[in-house]
Amino acid sequence: MDQAMIEKITEIVVSKLNDQPEEKTSSQEGVKVWDYNSEKPNVTQVSNGSRQAEEAEGKAKISTFHTPEKQIDNKETKAPKQQPDKEVWDDLKQLTNKTPARIGVGRAGPRPKTNTWLQFRYDHAAAVDAVFGKVDESLLEDLDLFTVKTKVTDKESYIRRPDYGRRLSDEAKKEIEGRCRHAPQVQIIVSDGLSSKAIDENLEDVYLSLQQSLKSLGLDVGTPFFIEKGRVAIMDDVGEMLKPEVIVLLVGERPGLVSAESMSAYLCYKPRLDTIESDRMVVSNIHRGGIPPVEAGAYLGSVIEKILDYEASGVELVKKEG
Amino acid sequence: MKLSTTHLGHTYQFQSLKSLLAKANEEKSGDRLAGIAAESVQERIAAKEILSELTLKDIRDHPLLPPEEDEVSWVIESQVNEKIYDAIKNWSVAELREYILANETTGEDLKRISRGLNSEMIAGVAKIMSDLDLIFAANKIEVLTKCNITIGQKGTLSSRLQPNHPTDSVEGMIASLKEGLSYGIGDAVIGINPVEESVESVKRMLHATHDFIEEWKVPTQNCVLAHVTAQMKAIEQGAPADMIFQSIAGTETANRSFGIDAKILEEANELAKTQGTGTGPQRLYFETGQGSELSAEAHHDIDQMTLESRNYGFARYYDPFIVNTVVGFIGPEYLYNNKQVLRAGLEDHFMGKMHLIPMGVDICYTNHTKADQNDMEDLGVLLTTAGVNFIIATPMGDDCMLNYQSMSYHDVATLRQTFNKRPSPLFDKWLEQMGILENGMLTSRAGDPTLFTR
């Protein structure tokens, strides 16, 4: 998306904000303008004013992947520069404001418009380039997380051998043994998975709010650490070693087009080597355009409390809840 | 049972039927991961040759996973029609292939012999078929099913509208739904994958889609793809669901890892019948995909293609309204690149149809797979020519919740126009009334989601 378009959309947002200047907050419910191509920051947050919370989530976004004029200008008979009917424009904007999905994009015959198609290709290219990467070490230092490795040695073996990503290396086991407290109620672990950017962007907020939430619930939290190139079932190996009651694994999701920085939190009651998938629970889509990281941390605290109450997670928990 | 052959002075010997079936597969990263793939291309072809000479009886007499040990095997075995089996049991796999392809053999003939085949035989024959064989054969078989409307007719291409939203916002989901309908998408199902699988969230999505369908009189069916138990609870609490969905796998242990078994699916089917909103007779929706058993470490050293075939044998027992393989979703660990995804898509579709399954495909890939959108369009073309019942479509092919790419609303409309296909009849008629489609072509109004703004 070119700079001019970003400015144009920002202008639209800002002018709308100026119509109703009374509520200015910096809450999570602001209007976000997403820029998929530039380096950071890739989301411009415009403080909330115009949008009331339509949903509990209420995170309206204007995405940059469609051009305002062209999206309604989809009738073949129309001249390319014709101004759209204001009513239709408003109706369409109401829809596109509700979702980051690529809607209201128009068509050329049954095919997408050229700019829509190229934007899609751009975003796919960015997602492909975002797979893997390296987590910012200063972030891990700041959060006091030490780093261990799985049996994975390189990217190719991560992909070819999922089983390696589910097991700790021998050195990792020694280090965890030496540094971690045994049998806490809650063990937090972090892994980059397929997106280091997910960790860079979300970990601090999720981690700190989760810690705070667990503290206020009076839960006993073990020694957290970072696992390089782990898969979800790495929690079983950790569980087998440290015997916590609950593990929460914060892990980078495979990059998508809307966000290459989405994080998931997997939770499991007493994960061990014989744990089955349906006993795990996941809170996915943690990123600034999905579940906001700070809220996710607090929410995870309440889920952990529930897991401890019922002594179960996943499908088992649903069954016990009755 | 002969498990060896000699080619150019080299003797190829295979340990078991299980190993032979695995090594006869086209190259798949998942089979390599499992350590069961052919060591060389020549070994692969040798395996195919030996397989082609085995009889159907050889395959049935040597179960890969005995029915006493695995309920999926039991369910498949219990459906074999003994009279039809008796008539064909001495056919070699090669003879089965040539019967399937013969011009004299009609779709109805295939439906008949299907009743005498088990899933391993169907996987076996698919292993000695080329891509075009799989397309030509599948295209003979018309499988019709009905929930609220009937789909699957020859000359139609139906679609699942997948209006997912990253935070389960109802308004956001409805916005994508409107866009999809304006391209003529959604006659197989309006199906949403929720972020949060709670009963409350399922209920909210079911009500929202049901209300929309009622308001606009859309001839289709709704479904929220949470775990079967969450959907059942939502229905028991009064939520309107036309269908119940579940992901399934080809072994009992893999199903257990999904938190399901044969019994819970029967209960779900019964609940959909007595408390669901779908007319029926079909009311279930299953998703499958090569590699899920291995991923759950529940594959019993059986190759992923044969296990996939067992999914369809298992699914058939429940008479589902729709089934689709999510062919590229599982990732490069199991299907490494575009070539492997394409082959698997054609295999799955053929094996499903040979089981008389109303087969659709989620033609898709993840961003760590070596594939791009062009590859999906190519597979879309191939599957349309193969007569696939339905395709999954998302806005511009980008699922902003599941973080993968599938086909787009535009793609389905384009495939229909290119291959002279229509949506299923009742939906087609509704689209004409709405002014979205005229003689199978998008009208000037089409593609505008504000059509549904009142």
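Summarised in this report is the structure supplied together with it. The shown structure was predicted, so the numbers you read here are calculated from the model rather than taken from an experiment.

Criteria and cut-off values
Residues numbered from 1 in each chain as written. Chains lettered and ligands numbered in written order. Predicted model: local features only at pLDDT ≥ 70, side-chain atom pairs only at ≥ 80, totals over all residues. Heavy atoms only, no water. Phe/Tyr/Trp six-rings, centres within 6.5 Å; stacked < 30°, edge-to-face > 60°. Helix = DSSP H or I, 4+ residues; strand = E, 2+ residues; numbered from the N terminus. Buried < 20%, exposed > 50% of the residue type's maximum accessible area, 1.4 Å probe, protein only. Lys NZ or Arg CZ within 6 Å of the ring centre and 35° of its normal. Polar contact = N/O pair within 3.5 Å; in protein donor to acceptor, adjacent residues only side chain to side chain. Salt bridge = Lys/Arg side-chain N within 4 Å of Asp/Glu carboxyl O. Contact = heavy atoms within 4.5 Å. Buried area = accessible area lost by both parts, 1.4 Å probe. Disulfide = S-S within 2.5 Å. Pairing = 2+ DSSP bridges. Axes fitted to C-alpha atoms, helices over the stretch in contact; angles between N-to-C directions. Patch = residues over 30% accessible without salt bridge, like charges linked within 9 Å, V, L, I, M, F, W, Y side chains within 5 Å. Areas by Shrake-Rupley, 256 points an atom, 1.4 Å probe, with all protein chains shown as cover. Lys, Arg positive; Asp, Glu negative; His and termini not counted. Charge placed at Lys NZ, Arg CZ, Asp CG, Glu CD. Left-handed = near helix turned anticlockwise from the far one by under 90°. Nonpolar A, V, L, I, M, F, W, Y, C, P; charged D, E, K, R; others polar.

Details of the packing of aromatic side chains
Evaluation of the coordinates by the stated rule reveals 14 aromatic pairs over all chains. Ring geometry for Phe 212 of chain B and Phe 452 of chain B: centres 5.9 Å apart, planes at 55 degrees, overall tilted. With Phe 212 of chain B in helix H12 (residues 199-215) and Phe 452 of chain B in the segment after strand S17 (441-442), this pair connects stretches of sequence that are 240 residues apart. Taken individually, Phe 212 of chain B and Phe 452 of chain B each receive the classification buried, so the pair is uniform in this respect. Counting every residue linked through ring pairs, the aromatic cluster contains Phe 212, Trp 216, Phe 427, Trp 430 and Phe 452 of chain B. The side chain of Arg 160 of chain A reaches across the aromatic face of Tyr 336 of chain B, ending 3.9 Å from its centre. The ring centre of Phe 329 of chain B lies 4.6 Å from the NZ or CZ of Arg 254 of chain A, which sits over that ring.

Comments concerning the environment of Arg 107 of chain A
Locating Arg 107 of chain A in the fold gives a position in the loop between helix H3 (86-96) and helix H4 (114-130). Along the backbone, Arg 107 of chain A and Cys 268 of chain A are 161 residues apart, and their C-alpha atoms lie at a distance of 45 Å. There is a polar contact of 2.5 Å between the side chain of Arg 107 of chain A and the backbone oxygen of Thr 443 of chain B. Here Ala 446 of chain B takes part through its backbone oxygen, which lies 2.9 Å from a polar atom of the side chain of Arg 107 of chain A.

Structural notes on the pattern of salt bridges
Per the counting criterion, the structure on display carries 43 salt bridges over all chains. For Arg 166 of chain A, the salt bridge goes to Glu 297 of chain B, with nearest N and O atoms at 3.1 Å. Of this pair, Arg 166 of chain A sits in the loop between helix H7 (162-165) and helix H8 (170-179) while Glu 297 of chain B sits in the loop between helix H16 (292-295) and helix H17 (304-316), on two different chains. With relative accessibility at 52%, the residue Glu 297 of chain B sits in the exposed group. Ionic pairing is found between Arg 256 of chain B and Glu 252 of chain B, a salt bridge with its closest N-O pair at 3.6 Å. Taken together, the residues Arg 256 of chain B and Glu 252 of chain B, both in helix H14 (residues 252-257) and 4 residues apart, mark about one turn of the helix. Salt bridges sharing common partners tie together Lys 28, Asp 131, Arg 343 and Glu 347 of chain B.

As for the interface of chain B and chain A
Counting residues at the interface gives 66 residues for chain B and 62 residues for chain A. Carbon and sulfur atoms make up 55% of the surface buried where chain B meets chain A, a total of about 5200 Å² over both sides. Of all residues in chain B, Asn 367, Met 396 and Asn 403 of chain B bury the most surface against chain A, accounting for 13% of the area lost on that side. The tally of links between chain B and chain A comes to 6 salt bridges. Its salt-bridge partner being Arg 102 of chain A, residue Asp 398 of chain B comes within 2.7 Å of it at the nearest N-O pair. Across the chain B-chain A interface, the total number found is 21 residue pairs in polar contact (both at pLDDT 80 or more).

Side note on the state of the cysteines
Taken as a whole and assessed by the stated rule, the structure comprises 0 disulfides over all chains. Free of any disulfide, Cys 147 of chain B has its nearest neighbouring cysteine sulfur in Cys 223 of chain B, separated by 9.0 Å.

Quick word on the sheet that holds strand S7 (residues 246-252) of chain A
Residue and element names in this part refer to chain A. Taking strand neighbours across the sheet as the criterion, the 6 strands line up as S4-S6-S5-S7-S8-S9 in an open arrangement whose pairing is mixed. Lying at the two open borders of the sheet, with one neighbouring strand each, are strand S4 (146-149) and strand S9 (280-286). With direction set aside, neighbouring strand axes in the sheet form an average angle of 25 degrees. Across 3 bridges, the pairing between strand S5 (residues 186-191) and strand S6 (residues 225-228) is parallel. Each residue of the ladder has a partner; that of Val 190, found in S6, is Phe 226. Across the face of the sheet, H8 comes into contact with S4 and S6 while running at roughly 145 degrees to S4.

Thoughts on the pairing of S4 of chain A
Residue and element names in this part refer to chain A. Residue alternation in S4 divides its side chains into a buried set, Phe 146 and Val 148, and an unburied set, Thr 147 and Lys 149. Where S4 lies against S6, 4 bridges are found, and the strand directions are parallel. Bridging from a neighbouring strand, Thr 147 pairs with Phe 226 of S6.

Structural notes on a negative patch on the surface
Residue and element names in this part refer to chain A. A cluster of acidic side chains, namely Asp 136, Glu 137, Glu 141, Asp 142, Glu 204 and Asp 205, defines a negative patch on the protein surface. The leading source of residues in the negative patch is helix H5 (residues 137-142), at 3 residues. Along the polypeptide, Glu 137 turns up in helix H5.

Some thoughts on the packing of H17 of chain B against helix H18 (residues 338-354) of chain B
All names here are of chain B. Between H17 and H18, the shortest axis-to-axis distance is 9 Å and the interhelical angle comes to 35 degrees. Handedness of the crossing formed by H17 with H18: right-handed. Contact residues: Met 305, Glu 308, Ser 309, Tyr 312 and Arg 316 in H17; Glu 347, Asp 348, Met 351, Gly 352 and Met 354 in H18. Residue composition of the contact of H17 with H18, grouped by class: 4 nonpolar, 2 polar and 4 charged.

Overview of unusual backbone geometry
All names here are of chain B. Between Gly 280 and the following residue, Pro 281, the backbone shows a cis peptide bond with an omega angle of 15 degrees. Position of Pro 281 among the secondary structure elements: in the loop between helix H15 (262-275) and strand S9 (284-288). Even without glycine at this site, Leu 356 takes up a positive phi of about 65 degrees. The class for Leu 356 is buried, based on a relative accessible area of 18%.

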